[in-house]
Amino acid sequence: MYKSESIINNLLREVDSLSYRITNIQQAYFNTIHRGLRMRLIYENKSISQRLNEIFSIAKLLKIRNNENISLSSLLLEKCKRTIAQNKIEKNLFFL
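If you're wondering where the values come from, they're calculated on a predicted model, not measured in any experiment. (Residues numbered from 1 in each chain as written. Predicted model: local features only at pLDDT ≥ 70, side-chain atom pairs only at ≥ 80, totals over all residues. Heavy atoms only, no water.)

(A) Quick look at the pattern of salt bridges. In total, this model carries six salt bridges according to the counting rule given. Between arginine 51 and glutamate 54 there is a salt bridge; the shortest N-O distance is 3.0 Å. Residue arginine 51 and its partner glutamate 54 are both found in helix α2 (residues 35–65); the two are separated by three residues, about one turn of the helix. Judged by its relative accessible area of 43%, glutamate 54 falls in the partly exposed class. Taking the shortest distance from any N to any O, the salt bridge between glutamate 78 and arginine 82 comes out at 2.8 Å. Separated by four residues within a single helix, glutamate 78 and arginine 82 lie in helix α3 (residues 72–91), roughly one turn from each other. One network of salt bridges, with partners in common, ties together Glu14, Arg51 and Glu54. (Salt bridge = Lys/Arg side-chain N within 4 Å of Asp/Glu carboxyl O. Helix = DSSP H or I, 4+ residues; strand = E, 2+ residues; numbered from the N terminus. Buried < 20%, exposed > 50% of the residue type's maximum accessible area, 1.4 Å probe, protein only.)

Set out below in structure tokens:
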């Protein structure tokens, strides 16, 4: 495994972890009425969104550097796109 593949693999794992955390944050948000906890969950959701955008930027750079159509960098880019899109759809749930 090349160094770049190892980095991409680590980023893929992080995107999975962040995606699961977003789901857990949303469930916790709807299951609590504590105002302080809700504010912390909103802040954490914003932090996760920022990290996803950072990983997405890295994925775009890695994809540009790779000439192959099917690669780990393509998978990372697609996974980031889908996670960010899902997060944008569910972000509105915080403000019902």
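(B) Fine view of the environment of lysine 79. Among the secondary structure elements, lysine 79 is positioned in helix α3. Between the C-alpha atom of lysine 79 and that of leucine 12, which follows or precedes it by 67 residues, the distance is 7.8 Å. When neighbours within four sequence positions are excluded, lysine 79 is seen to be in contact with Leu12, Val15 and Asp16. (Contact = heavy atoms within 4.5 Å.)

(C) Geometry of the environment of threonine 83. As for its placement among the helices and strands, threonine 83 is situated in helix α3. Relative accessible area serves as the criterion here: at 11%, threonine 83 is assigned to the buried category. Note: C-alpha distance between threonine 83 and leucine 52 (31 residues apart in sequence) is 8.0 Å.

(D) Focus on the packing of aromatic side chains. In this structure the tally under the stated criterion is one aromatic pair. Judged by centre distance (5.5 Å) and plane angle (85°), the rings of tyrosine 29 and phenylalanine 30 are edge-to-face. Over the face of the ring belonging to tyrosine 29 we find arginine 38, whose NZ or CZ atom lies 4.3 Å from the ring centre. (Phe/Tyr/Trp six-rings, centres within 6.5 Å; stacked < 30°, edge-to-face > 60°. Lys NZ or Arg CZ within 6 Å of the ring centre and 35° of its normal.)

(E) Local environment of the nonpolar core. Within the largest apolar cluster, 19 residues are counted, with the highest numbers of intra-cluster contacts made by Val15, Ile48, Leu52, Ile55, Leu76 and Cys80. Of all the secondary structure elements, the ones that give two or more residues to this core are α1 (3–31), α2 and α3. Here this core takes eight residues from α1, the largest share from any one element. Apart from the residues lying within four places of it in its own chain, the contact partners of isoleucine 55 are Leu11, Glu14, Val15, Leu18, Leu76 and Cys80. (Core = buried A, V, L, I, M, F, W, Y, C linked by side-chain atoms within 4.5 Å.)

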